[in-house]
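Chain residues, written in single-letter form:
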Amino acid sequence: MERNKNNRKAAVQAAKKIIVKAGTRLLIDRQSIARLVSGIARLRQAGHQVLLVSSGAVGMGMEIANVTRRPAELAQKQALAALGQTRLMSIYSEEAAKHGFTVAQLLLTASDLRSRRRYLNVMNCINALWERGILPIANENDSVSIDELKFGDNDTLAGMLTSVAGADLTVLLTTIDGLRDRDSDGNLAERLPVVEKVTDRIKALAGGTDDSNLSIGGMDSKLRAAELATAAGAFLWIADGRDPDIFEKILSGTDTGTLFLPRSHRVSGRKRWLGFFSKVSGALIVDDGASQAVTTRGKSLLPSGIIAVKGEFRRGDAVEIITASNQKVIARGLVNFDAKDCLLLCGKHSEEVISIMGKEAETEAIHRDNLVLVEL
C-alpha cells in the first residue's frame with residue numbers, strides 16, 4: 001500500500017506537463033463540462049501545464065440535431081461533429097474565462113503526426129500555447145477524418161499526444177473506477193491500483209465496455225493508450241471522472257483508479273516520433289548477431305548483418321528491423337540507403353561497402369542516432 005502511495009505521489013510531483021482526456025459520457029451537459037474545467041483550473045493552479053483531449057463533439061451534435069443513436073455513416077458523423085464542435089468549444093471558452101484563462105482548439109488527424117514536419121508544428125504549437133498560459137483542447141478532426149486518417153478514438157490520441165508534448169502524466173477520465181481483475185469465473189473482481197506493465201494478462205482483463213449508441217472506445221483503447229504513454233516514459237492514470245473530487249485526489253496521490261508505471265526512461269522527441277508516428281516504408285531482415293548488437297550493445301545496424309530486404313524505400317525513409325530467426329520487429333530507424341542499394345550491400349563488411357558505394361558513403365545501414373528499439 002505504501003509503495004502504491006509513493007508511486008502516485010511521484011507521478012504527480014514529477015508531472016510538469018499533464019494530458020487530461022475526458023470521454024463523451026462525462027460531457028453530458030454544461031454542468032459536467034464546468035466541473036471538468038474547474039478541475040483543470042486546479043491542476044493549473046498547482047503549477048502543471050495541462051492539455052485537454054476532449055470528446056463530445058459528435059455527442060453535442062446529436063443533442064442539437066435531436067439524434068438518439070450514433071450514426072454509422074461517415075458523412076452523418078462528420079456532419080454531427082461539425083455541428084457540435086462549435087457549441088462545445090463555446091462552452092469551454094466561457095467556463096475557462098470564469099477561472100481567468102483562455103482555451104485554444106487543436107483539430108488533428110493521424111497524418112498530422114506521421115509527417116515529421118507536421119509533428120514538429122503540432123509540438124511547437126502546443127508549447128507556444130502553454131507559454132502564453134492557454135489551455136490547448138485537442139480532438140480528432142471528425143468532420144474531415146476518413147478511416148485511414150483516424151486515430152481510432154481519443155484515448156489513443158491522448159496516448160500519442162503524451163509523446164508529442166513530452167508529457168509526464170496522462171489522466172484518462174472515464175465512468176469506471178479503474179481496471180479490475182477477474183476471478184476464476186471471469187467476473188470482475190478487485191480494482192488494480194498499480195500496473196507495472198501492460199502484459200497479455202492485463203490486456204485480457206479488458207471487457208467490452210463500449211457503447212456505440214453514444215461513443216467509441218472502452219478499456220481496450222485505454223490499455224492501448226497506456227502502452228503508448230508508458231513506452232514514452234510517462235505515467236498513465238485511469239480515474240473515475242464522475243467523482244467531483246477526482247482532481248484533488250489525483251493531486252494528493254490518493255489510492256483511486258489505476259496507475260500505469262513508465263516502462264522506460266524518456267527518449268528524445270525525435271526518437272519518440274520515429275518510434276510511434278513515422279510511416280514505415282519497408283524492412284531489413286537481420287541475423288542474430290546484428291540483432292544482439294542493436295538490442296543489447298547499443299550499436300548501429302551494419303550491412304554485414306542484413307540478410308534480406310522488404311519493400312521499396314529511399315534513403316532517409318523509416319524501416320523496421322526484423323530478426324530472421326523469429327520474425328520479430330526489434331527496432332525502427334531511418335535507413336541510409338535506397339532499397340536497391342541495401343539489397344546490393346546485404347552481408348557486406350565496411351570496406352566492401354566503401355568499395356561499392358564510394359569513399360563518401362556511410363558504412364552503417366542505420367546509424368544508432370537514427371534508431372529506436374521496439375519494446376517486446
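Just so it is clear, the structure is predicted and the values come from calculations on it, not from any experiment.

Q: When you look at helix α7 (residues 154–165) in this model, what are you seeing that I'm missing?
A: Along an α-helix, residues three or four apart share an orientation, since each turn contains 3.6 residues. Here α7 contains 12 residues, and its C-alpha end-to-end distance of 16 Å stays within 8% of the 16 Å for a straight helix at 1.5 Å per residue. All of the buried residues in α7 are N154, D155, T156, L157, A158, G159, M160, L161, T162, S163, V164 and A165. Its side-chain oxygen at 3.0 Å from the backbone nitrogen of D155, D153 defines the N-terminal cap of α7. Of the residues trailing α7, G166 is marked for its positive phi of about 65 degrees.

Q: Would you mind going over the pattern of salt bridges with me for this structure?
A: Between side chains of opposite charge, a pair can form as their charged atoms come close. All told, the structure shown has 16 salt bridges when counted by the stated rule. Note that D255 is salt-bridged to R8, the shortest N-O span being 3.2 Å. Remark: R8 occurs in helix α1 (residues 2–13) and D255 occurs in the loop between α10 (246–252) and β10 (258–260); sequence separation between them is 247 residues. Assessed through its relative accessible area of 0%, R8 is described here as buried. Of the charged contacts, one joins K249 and D243 as a salt bridge, the two residues approaching to 2.6 Å between their closest N and O atoms. You can call K249 partly exposed: its relative accessible area is 29%. Connected through shared salt-bridge partners, R30, E94, E95 and K98 make up one network.

Q: I keep staring at unusual backbone geometry and nothing clicks. Help me out?
A: The bulk of non-glycine residues show a negative phi, and the bulk of peptide bonds are trans. In the Ramachandran plot, N66 falls in the positive-phi region, its phi being about 60 degrees despite a non-glycine side chain. For N66, the location among the structural elements is in the loop between α3 (57–65) and α4 (74–97). Look at Q327: it is not a glycine, yet its phi comes out positive at around 60 degrees.

Q: Before we go on, may I ask you to explain the confidence of the model for the chain in this structure?
A: Should the pLDDT be low somewhere, the predicted coordinates at that spot are not to be read in detail. Confidence along the chain averages 88 in pLDDT terms, with 92% of residues attaining 70 or more. Contacts for the low-pLDDT stretch residues 209–216, under 50 throughout, to residues beyond four places or in other chains number 22 contacts.

Q: Could you clarify how one ought to interpret helix α2 (residues 30–45) in this entry?
A: When the terminal C-alpha atoms of α2 are compared, their 22 Å separation across 16 residues agrees well with the 22 Å that a helix rising 1.5 Å per residue should span. Listed in full, the buried residues belonging to α2 are S32, I33, L36, V37, G39, I40, A41 and L43. The distance from a side-chain oxygen at the start of α2 to the backbone nitrogen of Q31 is 3.3 Å, and the residue carrying that oxygen is D29. Following α2 by one or two positions, G47 adopts a phi angle in the positive range, close to 95 degrees.

Q: Please clarify how the sheet that holds strand β4 (residues 135–140) should be interpreted in this entry.
A: Two pairing modes exist for strands in a sheet, parallel and antiparallel, and in both the strands are linked by backbone hydrogen bonds. Taken together, the eight strands give an open sheet; going across it, the order is β3-β4-β2-β1-β5-β9-β10-β8, and neighbouring strands pair in mixed fashion. Since the sheet does not close on itself, it has two edges, and those belong to β3 (103–108) and β8 (194–195), each with one partner. Across six bridges, the pairing between strand β1 (residues 17–22) and strand β2 (residues 49–54) is parallel. Within the sheet, the bridge partner assigned to K17 lies in β2 and is Q49. Helix-sheet contacts for α2 involve β1, β2, β4 and β5 (169–174), and the interaxial angle to β2 is about 155 degrees.

What counts and how
Residues numbered from 1 in each chain as written. Predicted model: local features only at pLDDT ≥ 70, side-chain atom pairs only at ≥ 80, totals over all residues. Heavy atoms only, no water. Helix = DSSP H or I, 4+ residues; strand = E, 2+ residues; numbered from the N terminus. Expected span 1.5 Å × (residues − 1). Buried < 20%, exposed > 50% of the residue type's maximum accessible area, 1.4 Å probe, protein only. Polar contact = N/O pair within 3.5 Å; in protein donor to acceptor, adjacent residues only side chain to side chain. Salt bridge = Lys/Arg side-chain N within 4 Å of Asp/Glu carboxyl O. pLDDT = per-residue confidence, 0-100. Contact = heavy atoms within 4.5 Å. Pairing = 2+ DSSP bridges. Axes fitted to C-alpha atoms, helices over the stretch in contact; angles between N-to-C directions.

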